[in-house]
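Results of the structural survey
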Amino acid sequence: MTLYAATSNNNKIKEFNDVLSELGLSVENASHIWKLPEVIEDGKTFEDNAQKKALEIAAYTGRNIFAEDSGLEVFSLNAEPGIYSARYGGENLSDVDKNDLILKKLGKNPNRSARYVCVLAFATPHGIIDTTEGEVRGSIAREPAGKNGFGYDPIFIPDGYQKTFGELDKSIKNSISHRTCAIHNACSKNLFDTRKWK
Ligand code: ITT
């Protein structure tokens, strides 16, 4: 049975399929087939929200679904924006404004350590099958740089590099990102092969 991705974020779908295609896999975007209801993300953790999205969309479509919740945690800002990454600073703030808000809050603070987190949840209409997590550690740049990627990528410098994800080639992001780690963890549990779901 086909596995559908439930997300309204096309950047995520592109990254899923870039990584999955190298593994001989692909996913269908559920929102291209159904008009999906909005899922209220009111969980306390990335895992809560990923599971809620997967369960509600699986029940709505009657299909096998995977959903993702992800975000940026800046340690000296009490792990903000965290689960609020998509709506940090208010629903209507642009990505540029969200990045500026983080830079303003950090100011000249030398502790700029951060991480991106991604949780994938796999569900049938009857319940959760499993979840996997991935992270990539790094630091927050002094100013935004680069146009690659999306969201917080212009201010996130992954450990081991001198440039932001916004500046680095997408092949580098796709080799080390939180999303890629979560996908590889899911592959090692055969979660992209619904025939192996118990
Ligand atoms: P769905 O819930 O429909 O999947 P969303 O964009 O609302 O889409 P989330 O609630 O998981 O998704 O919020 C994730 C936010 O975290 C995302 O909008 C970005 O601001 C940020 N984010 C996550 N992964 C990122 C990445 O790889 N690069 C840049 N920003 C990222």
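The model shown is predicted, which means the values in this text are computed figures rather than measured ones. Numbering of residues starts from 1 in every chain and runs along the sequence as written. In view of the model being predicted, local features appear only for residues whose pLDDT reaches at least 70, and side-chain atom pairs are presented and counted only at 80 or more, with totals across whole chains, interfaces and linings using the full set of residues. Note: side-chain values were computed over all heavy atoms of the structure, leaving out hydrogens and water.

The subject of this paragraph is the site of the ligand. Any residue with at least one heavy atom within 4 Å of a molecule or strand is counted as near it. In the vicinity of the ligand lie 21 residues, with Thr 7, Ser 8, Lys 12, Lys 53 and Lys 173 positioned nearest. By the criterion applied in these results, polar contacts are pairs of N or O atoms within 3.5 Å in which, for protein atoms, one can donate a hydrogen and the other can accept it, and in which residues neighboring in sequence qualify only through two side-chain atoms. At a separation of 2.9 Å, an oxygen atom of the ligand approaches a polar side-chain atom of Asn 9. Within the side chain of His 178, an N or O atom sits 3.1 Å from a nitrogen atom of the ligand. We get accessible surface area from the Shrake-Rupley algorithm with a probe of 1.4 Å; when it comes to residues, only the shown protein chains can shield them. Expressed as a share of its isolated accessible area of 610 Å², the protein-covered part of the ligand is 90%. Secondary structure elements follow DSSP: runs of H or I of four or more residues count as helices, runs of E of two or more count as strands, with numbering from the N terminus. Counting residues per element, the ones that place at least two in the shell around the ligand are helix 1 (10-22), strand 3 (64-74) and helix 5 (178-188).

We count a salt bridge whenever a side-chain nitrogen from Lys or Arg sits within 4 Å of a carboxyl oxygen from Asp or Glu. For the coordinates displayed, the defined rule picks out 18 salt bridges. Among the ionic pairs, Glu 68 bridges to Arg 179, the shortest N-O distance being 2.6 Å. One end of the pair, Glu 68, is in strand 3; the other, Arg 179, is in helix 5, and 111 residues separate them in sequence. A relative accessible area of 2% places Glu 68 in the buried class. Take Arg 179: its relative accessible area is 2%, and that puts it in the buried class. Salt-bridge contacts for Lys 189 lead to Asp 130; the nearest nitrogen and oxygen are separated by 3.2 Å. One end of the pair, Lys 189, is in the segment after helix 5; the other, Asp 130, is in strand 6 (residues 127-140), with 59 residues separating them in the sequence. Burial classes: relative accessible area under 20% of the type maximum marks a residue as buried, over 50% as exposed, and values in between as partly exposed (1.4 Å probe, protein chains only).

This next bit is on the state of the cysteines. Structurally, a disulfide amounts to a covalent bond that connects the sulfur atoms of two cysteines. By disulfide we mean two sulfur atoms from cysteines, separated by a distance within 2.5 Å. Counted under the stated rule, the structure contains zero disulfides. Take Cys 187: it sits in no disulfide, and the sulfur closest to it among the cysteines is that of Cys 181, at 12 Å. With relative accessibility at 23%, the residue Cys 187 sits in the partly exposed group.

Glancing now at the environment of Ala 121. Examined against the element boundaries, Ala 121 turns out to sit in strand 5 (residues 113-124). Taking the C-alpha atoms as reference, Ala 121 lies 30 Å from Glu 167; in sequence the two are 46 residues apart. Every residue in contact with Ala 121, bar those within four places of it in the chain, is listed here: Ala 50, Gln 51, Ala 54, Ile 65, Phe 66, Ala 67, Ile 128, Asp 130 and Thr 131. In this analysis, two residues are considered to be in contact whenever any of their non-hydrogen atoms come within 4.5 Å of each other.

On to the packing of aromatic side chains. What counts as a ring pair is set by centres within 6.5 Å for rings of Phe, Tyr and Trp (its six-membered ring), and what kind of pair is set by the plane angle: stacked under 30 degrees, edge-to-face over 60, tilted for all other angles. Under the definition given, this model contains nine aromatic pairs. With centroids separated by 5.5 Å and ring planes inclined at 20 degrees, the aromatic side chains of Phe 66 and Phe 122 adopt a geometry described as stacked. Of this pair, Phe 66 sits in strand 3 while Phe 122 sits in strand 5; the two residues are 56 residues apart in sequence, bridging distant segments of the chain. This pair shows no difference in class: Phe 66 is buried, exactly as Phe 122 is. Note on Tyr 116 and Phe 156: the rings are 4.5 Å apart at their centroids and 45 degrees apart in plane angle, and the pair reads as tilted. Of this pair, Tyr 116 sits in strand 5 while Phe 156 sits in strand 7 (residues 156-158); the two residues are 40 residues apart in sequence, bridging distant segments of the chain. Grouping aromatic residues by their ring pairs yields a cluster made of Phe 16, Phe 66, Phe 122, Phe 192 and Trp 197.

Within the secondary structure, His 32 sits in the loop between strand 2 (28-29) and helix 2 (46-61). Note: C-alpha distance between His 32 and Ala 6 (26 residues apart in sequence) is 9.8 Å.

A few words now on the environment of Asp 153. Among the secondary structure elements, Asp 153 is positioned in the loop between strand 6 and strand 7. Taking relative accessible area as the criterion, Asp 153 reaches 1% and is therefore assigned buried. Sequence-wise, Asp 153 and Leu 72 are 81 residues apart; in three dimensions their C-alpha atoms are separated by 9.7 Å. Those residues in contact with Asp 153, other than ones at most four positions away along the chain, are Tyr 116, Asn 148, Thr 164, Phe 165, Gly 166 and Lys 173.

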